[in-house]
Amino acid sequence: MRVAVVGFGQTAFRTKRKDKTHPELAFEAINAALEHAGLEFKDIEAVAYGSMDPFDGIYCPERWDATACGLEKPIMKISTGGTTGMTTALAAYEHVASGLFDLTMAVCVQRVGECVDAQPVLNTAVDPIYERYSGLGAIHVASFQATAYMAKYNATEEDLAWVSVKDHKNALKNPYAHIKMDVSVDDVLNSRVVCSPLKLLECCPRSDGAAAVIFASEEIAKKIRDNPAWVVAETTISDSYYLGDRLSFAEWDSLAIAGRRLFRDAGIERPEKDIDVAELYSPFTIQEILELEALGFAEKGEGKEFAREGVTFMDGDIPTNPSGGVLCTNPIGATGLVRFGEAAMQVMGEAKNQVDGAEVALSHAWGGTLQFHTLAVLSSKKKLG
Amino acid sequence: MEVKEFEVWWKIPFKHSAGLHATKFFEGLKDGKILGVRCERCGRVLVPPRAFCERCHAETSEWVEVSDEGVIETLTVTYMKFTGLPDPPYAVGVVKLDGADTGMLCFLGGIDLSDWRKVHETFKPGTRVKAVWREKREGKITDIEYFRPVQ
Ligand SMILES: [Zn+2]
């Protein structure tokens, strides 16, 4: 069963969306997606809903948000760390791919801006027996990757800073993006060190907002729009719980395995040639570099050159995060769904920061302390090759 | 119109069981010993110990003592204050102890942490480090105060 994305909606993302409550944000994103698809709420047969409760301080936000997205409909809640958004997309996709439904919706809401500090929440994701005392959060593990990568491959602080320059430049073209500022390499290097070697402008913000994606079975998709985004392949993978059980911090082995699986299923032999645009989950500069290498866009140790040499900029060979990416907007549990929706919009030819002629897009999210990955290939063509 | 906001706290006590394996590890710390378990199938020594090897999906029951010296795999120094987390600056790293096949998360110390570049130079990946134990040990992970460079 071929399945396509037929609608995408997102809210404006800000530090605080004080104008709306939790379900009101869901309502905003859902209506945007329905409008994009030309559908009504009653048309949606089932809903997959994603959020991570502790960031918002609301246990079971699906109770509150079901009033906006699931009343009387089958509803399933998904929560897998930073991958939540994309896992929710895949749950809604699989509802259709299984043949059980023809029209489903993925909805994700997260208000990280309402949590005065996300790191203590992230710290509770770490083992309470052996590791939590160390004050570990997401930024620390990203810094572990940066330290190891820089030592192994002689990457410089400037190499990493270029990723930030590129993402911030792209965010300026995206009205939904949270952080909008033109930054130079010097601005990045001169921003304060948060967790060495990562500096403030190499780290994502905390964002409030929501997103929704509508999926349709093949016949229905063709009736809804003439430019649906087909889901060509998707996969997820999990890795060890303890960081110390995987000592290759300079590489992202689990992502490499997932990438090979995805490309095999999609019929992609050379990702750097066959994929036109990528929306990667990189809340920290170093991670885009590791992701480009793990996914085969760059050789090991070469990813550090990509932003500096313009390869990942809009006019480069592999435009990466045209939306401005996670570095500029991070409503954590909704972020993966934004990656997925933005990738779909690129192959529909309707993205705000459109890559000319994009036909094949890659969407990625990671979650936990580097534990999970979710990947998907979307295309304007039903099948590649 | 100023939108109203309501301050809410999640401050809920829990008691997490360490289980039998971790309890034995903590008892070992009290005696100044770092214990791990060897997986009989893949032969890996897991430190800190746990009751099963996730790669082999097999129970672990062979206890081994590992060294309190090892090598740095990676590190970071935190300079920003995060709610409820240690006061900055603090250095955290992953250390692979001699005799272990996995890395252990721990504090790094014994040097000035104010300049991160110097800290990264002192503790660069591959550097040998040794545990600095607390004099009064309570059978907690913090019985190892931090790891310092081996002179
Ligand atoms: Zn084993």
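Q: Go over helix H3 (residues 61-69) of chain A, please, and point to the residues and values.
A: Given 3.6 residues to a turn, an α-helix orients residues that are three or four positions apart in the same direction. Residues and elements named next belong to chain A. Along H3, the residues classified as buried are Pro 61, Glu 62, Asp 65, Ala 66, Ala 68 and Cys 69. The buried residues of H3 occupy an angular sector of 155 degrees when projected down its axis, which confines them to one face. On its buried side, H3 packs onto helix H1 (22-37), strand E2 (46-50), helix H2 (53-56), strand E3 (75-78) and strand E4 (103-111).

Q: So what about the pairing of strand E8 (residues 229-238) of chain A? Which residues, and what values?
A: All names here are of chain A. Counting buried positions along E8 gives 8 out of 10 residues, so the element sits mostly inside the fold. Pairing of strand E1 (residues 3-10) with E8 involves 2 bridges; the strand directions are antiparallel. Within E8, the residue paired with Val 5 across the bridge is Ala 229. Strand direction decides the pairing type here: E8 and strand E11 (residues 372-379), joined by 8 bridges, are antiparallel. Along E11, the bridge assignment pairs Val 231 with Leu 378.

Q: For the coordination of the zinc ion, give the residues involved together with the corresponding values.
A: Residue and element names in this part refer to chain B. Listed as protein donors to the zinc ion are Cys 39 (SG), Cys 42 (SG), Cys 53 (SG) and Cys 56 (SG); their distances from the metal cover 2.3 Å. The coordination sphere of the zinc ion comprises 4 donor atoms, whose angles at the metal cover 106 to 114 degrees; the geometry is tetrahedral. Motif for the zinc ion, donor spacing along one chain: C-x2-C-x10-C-x2-C. Assessed through its relative accessible area of 1%, Cys 39 is described here as buried. Taking the relative accessible area as the measure of exposure, Cys 42 reaches 36% and is therefore partly exposed.

Q: Can you break down the pattern of salt bridges residue by residue, with the values?
A: If charged atoms from side chains of opposite charge come close, those side chains can pair. Residues and elements named next belong to chain A. Going through the model one piece at a time under the given rule, you end up with 37 salt bridges over all chains. Between Glu 114 and Arg 111 there is a salt bridge whose closest N-O contact spans 3.6 Å. The class for Arg 111 is buried, based on a relative accessible area of 2%. With a closest N to O distance of 3.3 Å, Glu 359 and Lys 381 form a salt bridge. With Glu 359 in the loop between helix H15 (332-348) and strand E10 (360-367) and Lys 381 in the segment after E11, the pair connects residues that are 22 residues apart, well separated along the chain. Residue classification places Lys 381 among the partly exposed residues on the basis of a relative accessible area of 38%.

Q: Please set out the packing of aromatic side chains residue by residue, giving values where relevant.
A: Under the counting rule described, the total for this entry stands at 14 aromatic pairs over all chains. With centroids separated by 5.6 Å and ring planes inclined at 45 degrees, the aromatic side chains of A:Phe215 and A:Phe340 adopt a geometry described as tilted. Linking A:Phe215 in strand E7 (residues 208-217) with A:Phe340 in helix H15, this pair joins segments that are 125 residues apart in sequence. Put simply, the rings of A:Tyr130, A:Tyr241, A:Tyr242, B:Phe25 and B:Phe26 pair up and form one aromatic cluster. Over the face of the ring belonging to A:Phe41 we find A:Lys73, whose NZ or CZ atom lies 4.4 Å from the ring centre. Cation over ring: A:Lys382 sits above A:Trp230, and NZ or CZ is 5.5 Å from the ring centre.

Q: Help me get a handle on the layout of surface pockets, residues and values and all.
A: In this structure, the largest pocket encloses a volume near 1700 Å³. Forming the boundary of the largest pocket are 40 residues, of which A:Pro54, A:Cys115, B:Val8, B:Trp9 and B:Trp10 lie nearest the centre. Taken together, the elements giving at least two residues each to the lining of the largest pocket come down to H2 and helix H5 (118-123) of chain A. Per-class residue counts for the lining of the largest pocket are 18 nonpolar, 10 polar and 12 charged. The computed volume of the second largest pocket comes to approximately 1000 Å³. Along the wall of the second largest pocket there are 49 residues; nearest its centre are A:Phe55, A:Ala118, A:Leu122, A:Ala138 and A:Ile332. Looking at the lining of the second largest pocket, the elements with two or more residues in it are H2, H5, helix H6 (138-153) and E10 of chain A. When residues of the lining of the second largest pocket are assigned to their parent elements, the largest contribution, 4 residues, is made by H5(A).

Basis of the calculations
- Residues numbered from 1 in each chain as written.
- Chains lettered and ligands numbered in written order.
- Predicted model: local features only at pLDDT ≥ 70, side-chain atom pairs only at ≥ 80, totals over all residues.
- Heavy atoms only, no water.
- Buried < 20%, exposed > 50% of the residue type's maximum accessible area, 1.4 Å probe, protein only.
- Helix = DSSP H or I, 4+ residues; strand = E, 2+ residues; numbered from the N terminus.
- Arc of directions from axis to C-beta.
- Contact = heavy atoms within 4.5 Å.
- Pairing = 2+ DSSP bridges.
- Donors = N, O, S within 2.8 Å, 3.2 Å for Na, K, Ca; no water.
- Tetrahedral: all angles 85-135°; square planar, octahedral: opposite > 155°, others 65-115°.
- Salt bridge = Lys/Arg side-chain N within 4 Å of Asp/Glu carboxyl O.
- Phe/Tyr/Trp six-rings, centres within 6.5 Å; stacked < 30°, edge-to-face > 60°.
- Lys NZ or Arg CZ within 6 Å of the ring centre and 35° of its normal.
- 1 Å grid on protein atoms, 1.4 Å probe; cavity = no way out; pocket = protein on both sides within 12 Å on 5 of 7 lines; lining within 4 Å.
- Points joined across faces, edges and corners; volume = space filled by probe spheres on them.
- Nonpolar A, V, L, I, M, F, W, Y, C, P; charged D, E, K, R; others polar.

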